Amino acid sequence: MGTRAEPRPAWCKHRGKIRRIRMDALLKHLTQFSVAGFRWSLQPELQARLIDGGGLRLPEWIDSGQARIVKQGPHRVVYRVELPGLSFYVKHNFVHDQRAWFRQLVRRSKARLEFERVLAATERGIPTVAPLAMAEEETHVGSGESILITKSLDGCIPLHFFLAAVLPTFPEPSAARLRQHLATELGTLVAKIHDAGILHHDLHAANLLVRVTANDQVEFFVIDLLAVKMGPPLDWQQSRENLVMINCWFTLRVNRADRLRFWKAYFEARNLGRWVRDAYGTKHYAKDLREIEELSWQRNLRFWQRRDKRCLVNNRYYRKVQGPGVVGHAVNEIDAKDLAVLLQDPDAPFRNLPSPPSPLPEGQGTGGKVLKESSSSTVIEMDFSVNGQVRRVIYKRFRVTSLKDPLASLFRSSPALRSWIQGQGFRERGLPTARPFVVLHRSRFGMLREGYLLTEKITHAGDLHEVVESSAAQPAPCRVKLLRQLIERVARTIRALHQRQLSHRDLKAANILVRRFDAPADEPSAYSQDIQNLLYMPESAIWLIDLVGVETFTELTKPRKVQNLARLNASFVGSEKITRTDRLRFLFTYLHYGALGRCDWKSWWKQIDRATSKKVQRNLRRGKPLL
């Protein structure tokens, strides 16, 4: 496969020494001085604009509104500063814990490391930012805080934001051509980075800036070069690992055709072989791509499992909460004053409510209304303040149905806590669900009793039964088209659920919300999406709810998948709206029949049919409805 394992050139042994010499030579041409405990190196013409007697003029810029925070964490803060004729970013790195302090004893400051790597990348022809200044705290031992100032790239947008918010605004077919051009240019750029001997350990979509010129030409720039290792051209093992890391984000948000375009551009730019089939029709160029795709899914699964328990600790997204005999967790968008009311009495919203069904139309009324009441739970809809705005939310109370339930909470997660964990996990995995905001439990002697879960309300949506029934009012040609579109969307959603090794044992029609046919086209159904977030997923038309029955597996077996599909199939037993042809169309879409080769769909059909019959008979014996 071409140049996969090239020998290390002799000059590479001295590359680091040569780079340090060039770095020292460059620093000599910069103005160097000390002020306010920092040693500065910057271009002479910028000194008066950036520095005064108190050091960097950042407080002045913040007060005047010329500076704003774009990223903030315990280890660094990044500001964007807009001055007349000059815009730039200020990255202030902190020594935020003991581990960082020990690390700074044996290595140079973060600002100096990134400064050097930016210059080295530029020297090797990689488009990146231009450094303007660097400052290091003057310490007696090791290195301390540091500041790096880089010039902003005009007209550039992070790739993840461009794909989510900008590209959809282009009309077709311009959007399709631009999307294809993006895939090709990105593949060429990554090949150039690897050939230049640059291993970027944090090369994701937010660290790639894209600029579209007036004639629809695409320009890419690589930023955040602190996590970069310089060396000889990457061999295949290093390249593959880096491609897997890049593909982890794109495999969920970019279609297969564009990922293939990326691979073709990368393959040809690195001279990895010929992009042709052999005499037997074998695509040798696709072998490595399949390996990259498989490893990407494995990496994603490990990543998601590590992050699942993040919603149970204090961090920048979640916090633990506590009240009189009540414990729980909440997202940081919920104001402490509003949360204090729930903590004082979680049952208060359930009092003095009308019995279902409520006459209030959707979106009207300020009071609560009951949506469901059973021996195990009560679900209501009410108003609640989220991120400073009053929203309609869903509030669910999980009752204690057995004396063993509080004792069981010592050994396993309660139903409310499982719903909270899986709800956050769904969003991490790019699966559509109603976002959980708060989970609470009454606690006594360390045992959890009644549980309470507050989630967003998906507007303009009904459960799968309601939407299928409403399709009957449409004219025949329109009804067939809408129903087939609905079948495809539901099948794709469940396939995505199983691809992520998740099982929903209560996957009935009542637990699948569908955007209504008559919903406003320009009004979003979910209000919790943050388009600036790297984990943002586009607006969905299908949502899975009631996640108590969701389980995570290392490898989801076929019997588990069959059980999930049979539970959904049982919801439409006896329904005249869903024919056997519709069920087969659903199964073909779920199995990706034809796209990934043929499969034994008949065995799936028979197993699902047998499991459905057993489910129907079991519910008849117990007197339970098939919702």
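Think of each chain on its own: its residues are numbered from 1, step by step along the sequence as written. The predicted nature of this model means local features are confined to residues of pLDDT at least 70 and side-chain atom pairs, given and counted, to a pLDDT of 80 or more, with totals for whole chains, interfaces and linings taken over all residues. To get the side-chain values, all heavy atoms of the structure are used, and hydrogens and water are removed first.

Q: Explain the overall build of the chain to me, please; I cannot follow it from the model alone.
A: Strands are runs of DSSP state E lasting at least two residues, helices are runs of H or I lasting at least four, and both sets are numbered from the N terminus onward. Helix and strand content of the chain: 18 helices and 26 strands. Taking 2.2 N^0.38 as the reference for a compact globule, 627 residues should give roughly 25 Å; the C-alpha atoms of the chain span a radius of gyration of 28 Å, in line with that estimate. Each of the three principal axes of the chain carries a C-alpha extent, and together these read 85 × 70 × 45 Å. Counting over 627 residues, the chain shows a buried share of 46%. We call two residues in contact whenever any of their non-hydrogen atoms come within 4.5 Å of each other. Across the chain, contacts joining residues at least 24 apart in sequence account for 65% of those joining residues at least 6 apart. The quantity called the radius of gyration is restricted to C-alpha atoms. Its globule counterpart is 2.2 Å times the number of residues to the power 0.38. Burial here depends on accessible area, computed with a 1.4 Å probe over protein chains only, as a share of the maximum for the residue type. Under 20% is buried, over 50% is exposed, and the range in between is partly exposed.

Q: Teacher, can you tell me more about the confidence of the model for the chain here?
A: Predicted coordinates in areas of low pLDDT are best not read in detail. For every residue, the predictor states its confidence as a pLDDT score lying anywhere from 0 to 100. Put simply, the chain has an average pLDDT of 87, and 92% of its residues get 70 or more. This stretch, residues 5-14, has a pLDDT under 50; its non-local contacts, to residues over four places away or in other chains, come to five contacts. Contacts of residues 357-366 to residues separated by more than four positions or lying in other chains number twelve contacts, the stretch itself having pLDDT below 50.

Q: Which parts of the structure should I look at to understand the sheet that holds strand β20 (residues 436-444)?
A: Adjacent strands of a sheet pair through backbone hydrogen bonds, lying either parallel or antiparallel. Between any two strands, pairing holds if DSSP finds at least two bridges. On the basis of which strands lie adjacent, the open sheet formed by seven strands has the order β15-β16-β20-β21-β19-β18-β17 and antiparallel pairing. Each end of this open sheet is capped by a strand with a single partner; those strands are β15 (318-323) and β17 (369-373). Averaged over all pairs of adjacent strands, the angle between strand axes in this sheet comes to 25°, irrespective of strand direction. Looking at chain direction, strand β18 (residues 377-386) and strand β19 (residues 389-398) are connected through ten bridges and run antiparallel. Across the sheet, residue Thr378 finds its bridge partner in β19, namely Arg397. Angles here are taken between N-to-C directions and fall from 0 to 180 degrees, while the axes themselves are lines fitted to C-alpha atoms, restricted in helices to the stretch in contact. Helix α11 (residues 336-344) contacts β15, β16 (326-331), β18, β19, β20 and β21 (447-456) of the sheet and is inclined by roughly 45° relative to β15. Docked against the sheet, helix α13 (residues 415-428) engages β15, β16, β19, β20 and β21, running at close to 155° with respect to β20.

Q: Would you mind showing me how to read the packing of helix α15 (residues 476-499) against helix α17 (residues 580-590) here?
A: Helix-helix packing is characterised by the crossing angle of the two axes and by the distance between the axes. Running from N to C, α15 and α17 cross one another at 40°; their axes reach a closest spacing of 8 Å. Considering the angle they form, α15 stands oblique to α17. Between α15 and α17 lies a crossing whose hand is right-handed. Where α15 approaches α17, its residues Leu483, Arg484, Ile487, Glu488, Val490, Ala491, Arg492, Ile494, Arg495 and His498 are matched on the opposing element by Asp582, Arg585, Phe586, Thr589 and Tyr590. Split by residue class, the contact of α15 with α17 holds seven nonpolar, two polar and six charged. When an angle is under 35 degrees it counts as roughly parallel; over 145 it counts as roughly antiparallel; between 65 and 115 it counts as roughly perpendicular; any other value is oblique. What makes a crossing left-handed is the near helix being turned counterclockwise from the far one by less than a right angle; a clockwise turn instead makes it right-handed. Gly counts as polar in this scheme, as do all residues outside two lists: the nonpolar Ala, Val, Leu, Ile, Met, Phe, Trp, Tyr, Cys and Pro, and the charged Asp, Glu, Lys and Arg.

Q: Which parts of the structure should I look at to understand the packing of helix α8 (residues 236-253) against helix α10 (residues 285-307)?
A: Running from amino to carboxyl end, α8 crosses α10 at an angle of 65°, the nearest separation of the two axes being 8 Å. Note that α8 runs across α10; the crossing there is right-handed. Listed contacts from α10 to Trp236, Arg240, Leu243, Val244, Met245, Asn247, Cys248, Thr251 and Leu252 of α8 are Asp288, Glu291, Ile292, Glu293, Leu295, Ser296, Trp297, Arg299, Asn300 and Trp304. Grouping the constituent residues of the contact of α8 with α10 by class yields ten nonpolar, four polar and five charged.

Q: What should I look at first to understand the sheet that holds strand β13 (residues 218-222) in this one?
A: Sheet architecture is open: three strands sit in the order β10-β12-β13, paired in antiparallel fashion. With one partner strand each, in any of the chains shown, β10 (157-158) and β13 form the two edges of the open sheet. Sheet topology note: the strand β12 (residues 208-212)/β13 ladder contains five bridges and is antiparallel. Looking at the pairing, Arg211 lines up with Glu219 of β13. Relative to β13, helix α7 (residues 174-195) is tilted by about 40°, and along the sheet it contacts β12 and β13.

Q: Can you help me understand helix α18 (residues 601-622) in this one?
A: Every α-helix winds through 3.6 residues per turn, so residues three or four apart in the chain are directed the same way. Here α18 contains 22 residues, and its C-alpha end-to-end distance of 32 Å stays within 8% of the 32 Å for a straight helix at 1.5 Å per residue. Among the structural elements, α16 (558-570) and α17 are those in contact with the buried residues of α18. Two residues or fewer after α18 comes Gly623, characterised by a positive phi angle close to 75°. Expected span of a helix: the number of residues minus one, times 1.5 Å.

Q: Would you take a moment to explain the packing of aromatic side chains for this structure?
A: The way to describe two aromatic rings as a pair is by their centre distance and the angle between their planes. Put simply, two rings from Phe, Tyr or Trp (the six-membered ring, in Trp's case) pair if the centres are within 6.5 Å, and we call them stacked under 30 degrees between planes, edge-to-face over 60, tilted for the rest. As enumerated under the stated definition, the model contains 16 aromatic pairs in all. Judged by centre distance (6.5 Å) and plane angle (15°), the ring pair of Phe262 and Tyr266 falls under stacked. Placement of the pair is Phe262 and Tyr266 together in helix α9 (residues 256-269), with a separation of four residues, close to one helical turn. An identical accessibility class is assigned to Phe262 and Tyr266; each is buried. Each ring, one from Trp263 and one from Tyr266, has its centre 5.8 Å from the other, and the planes form 20°; the classification is stacked. Taken as a pair, Trp263 and Tyr266 lie in helix α9 at a separation of three residues, close to a single helical turn. Across the pair, exposure class does not vary: Trp263 and Tyr266 are buried alike. Taken together, the ring pairs in this structure connect Trp236, Phe262, Trp263, Tyr266, Phe267, Trp275 and Tyr285 into an aromatic cluster.

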